[in-house]
Every structure is written in structure tokens, then in C-alpha cells.
Amino acid sequence: MINYIVDNGQIVAFTGILTAFFLTCICMGSFSKYLPKDMGRQYAHDGKLSAGKPRGAGFIFVLVFIASGIVFGPFTRENIIYIILLAAAMMTGFLDDCAKTPWGEYKKGILDLVIAIMVAVTFLNFNTNTINIIGTDISVTIPPVVFGILVVILVWTSINVTNCADGVDGLSGTLALVTLGTIYMVGHILGKGGDFSYLTLIFMACILGYLWFNATPSLLMMGDAGSRAMGLFIAIAVLKTESPIVYIPAAIVLIADGGLGLVKVALLRFLKIKILKNTRTPLHDHVRKVWNWSNTHTVYRFAIIQAVVGIATVYIYLLV
């Protein structure tokens, strides 16, 4: 006969995840009426359908995550700094959600850059600058300055591609869940992530609480407050695995959906180079407008692609 012993730490961890989910659901139902209302996106496919819905729900689920993380999560100086930076990313997005005139791209980009730099400094202060090469047992030590620059690029990119992918009910939240699940499994296999891994599970529980209300047809929208915070959290989570290159396969659909638009606009604006002339960006607008996918088809198919890539990525690490 096998005796299973559950210690207090396991009970607290179990309770923390459930609390994060149910508290998010309760707060969404109770406080969403106080959120700013969406004005409808002028150039997005079916963007006008979102007009009048509460926007900025990320403000709620990020605050629930912060409270849950502080109460139930591992209380370390590094984690507290990350939580503060997450709150900063959420607030910059929420203030934009509340603004009658949307903030300019440059203003938001600079704020994202400041947050990315602070993440790089924090990470280098508490962690190694040695990374694992995906699919191998090879480790490479990168000079701290170069490593810091690469971290800034990763964080800034993750924030912005996740933000750009937010445009279909349930899409960015679902993709973020699959991405974080992949990252969590990779970290578990490598024995990395440490106490931050539990915060990843709490954050995923909060996203699930949000998705309860955001599934098609949505009752509310996360806004920049949620998408920017999710992008930042994904970047920190993948850094903690000490295998940051895994971000590419783990978030490949987010990168493709949101990133192609960023590249397209940047090349046109700064170099006068036109690419993807017949492709609408973000890609979720293209598949709905040109390929006639429904919102449900878009979410499920994008999530399925990301899940398949995630499973393959996890299996590669299991083979090493």
C-alpha cells in the first residue's frame, strides 16, 4: 500500500491556483462595468462589433495575479521586482485604454523599452548569462552587455507581438496559455525556472478566469492592459528557463500573427520597402477577411498550430 503525504506547501499551492482563477472570475463579473468602453477599431476586420464593450480587463486579472502571487507565491526580491514591472506594463496599457485619444506608437514603444531595460538589469543581477541551446545539452555563456541587449530585444518584442495579436475574442489569451504551458514544461524538464514556475501557473489561472468572459461572443476585452502584461510575463518566464531561444517555437503563432505587422510597418515607414502587399496584418484579420474564417475557427486553428509546435518542442527537450 502506498501512502501519499500532502504537506502544507502543496495545500497552499493548490489553494493559490484555485483562488487566482475564481477570484478573477468574481472580479470580472463584479467590476467590469467600471472599465472604459471600447470605441471599435476603425481598420480592423469587424472592429466595430467591439464598440461599447468593457475594455481594459487586463487591469483586473493582472491585479488579481499580483495579489495571488504575493499571498501564495514565493516571496523573493527578484519576483517582487518582476511583479512591480508587470504592474507598470499593465498600467501603461490601461492608461492607453482609458485615453480618449490613443497614445502614439513611439510613446508606447519608449515605455516598453524602459521596462525591457529594467527586466534585463534585474535578470542579470539575479541569474546567470549562460543559456541552453534548444535541442542540445550545449550551454553558451554570453558577455553580460550582449546578453542584456538580447534580453531587451526579447522583452520588447514579446510585449509588442502579444499586443498586436489581440484582436479576436479569446485569441491572444488562448495563445498565451499554450505558450506559457510550453515554457513551463520546458523549464520543468530542464530543472529551471525555480520559484517563478509557480507564478506562471497562477498567471495562467488568471488568464483562464478572464477567458471565461472573453470567449466568443465576448462580454469584455483585455485591452493593452492585459496584452502588454501577458507579453512581458511570457518573456520573463522564458528567460527563467535559461533557454530563451525556446521563445521562438513556444510563441511562434504570436510572433507570426503580431510580428509580421510590426515588420511590415517598420520596413515601409523607415526604409520605404513594401512587403506582403496582398496580406492583411495582423494575420488574424487576413484569415477572417480573405479566407472567411469565423472568430471561432481563427482561435481554434491558431491555438492548434501553436499546441502542435509546443508539443514537438517539449518532446525535443525530453530527448536531450
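Scroll up to find the structure this text is about.
Residues numbered from 1 in each chain as written. Predicted model: local features only at pLDDT ≥ 70, side-chain atom pairs only at ≥ 80, totals over all residues. Heavy atoms only, no water.

A. Molecular detail of the layout of surface pockets. Empty space within the second largest pocket amounts to approximately 280 Å³. Leu150, Val151, Leu154, Pro244 and Ile245 are the residues nearest the centre of the second largest pocket, which is lined by 13 residues in total. At the level of secondary structure, the elements contributing two or more residues to the lining of the second largest pocket comprise helix H5 (144–164) and helix H9 (247–250). Looking at the lining of the second largest pocket, the element that brings in the most residues is H5, giving six residues. Split into classes, the residues belonging to the lining of the second largest pocket amount to 12 nonpolar, one polar and no charged. (1 Å grid on protein atoms, 1.4 Å probe; cavity = no way out; pocket = protein on both sides within 12 Å on 5 of 7 lines; lining within 4 Å. Points joined across faces, edges and corners; volume = space filled by probe spheres on them. Helix = DSSP H or I, 4+ residues; strand = E, 2+ residues; numbered from the N terminus. Nonpolar A, V, L, I, M, F, W, Y, C, P; charged D, E, K, R; others polar.)

B. Examining a nonpolar patch on the surface more closely. A surface patch of nonpolar side chains, about 490 Å² in accessible area, is lined by Phe14, Leu18, Phe22, Leu23 and Ile26. Looking at the element boundaries, Ile26 is found in helix H1 (residues 8–31). We classify Ile26 as exposed; its relative accessible area is 53%. (Patch = residues over 30% accessible without salt bridge, like charges linked within 9 Å, V, L, I, M, F, W, Y side chains within 5 Å. Areas by Shrake-Rupley, 256 points an atom, 1.4 Å probe, with all protein chains shown as cover. Salt bridge = Lys/Arg side-chain N within 4 Å of Asp/Glu carboxyl O. Buried < 20%, exposed > 50% of the residue type's maximum accessible area, 1.4 Å probe, protein only.)

C. Fine view of the packing of aromatic side chains. Under the definition given, this model contains 13 aromatic pairs. On the basis of an interplanar angle of 85° and a centroid distance of 5.1 Å, the ring pair of Phe65 and Phe203 is categorised as edge-to-face. With Phe65 in helix H2 (residues 58–72) and Phe203 in helix H7 (residues 196–214), the pair connects residues that are 138 residues apart, well separated along the chain. The exposure classification of Phe65 matches that of Phe203, with both residues buried. Relative to Phe302, the ring of Trp293 has its centre 6.2 Å away and its plane inclined at 75°; by these criteria the two rings are edge-to-face. (Phe/Tyr/Trp six-rings, centres within 6.5 Å; stacked < 30°, edge-to-face > 60°.)

Purely geometric stuff here, so don't read any function into it on its own.
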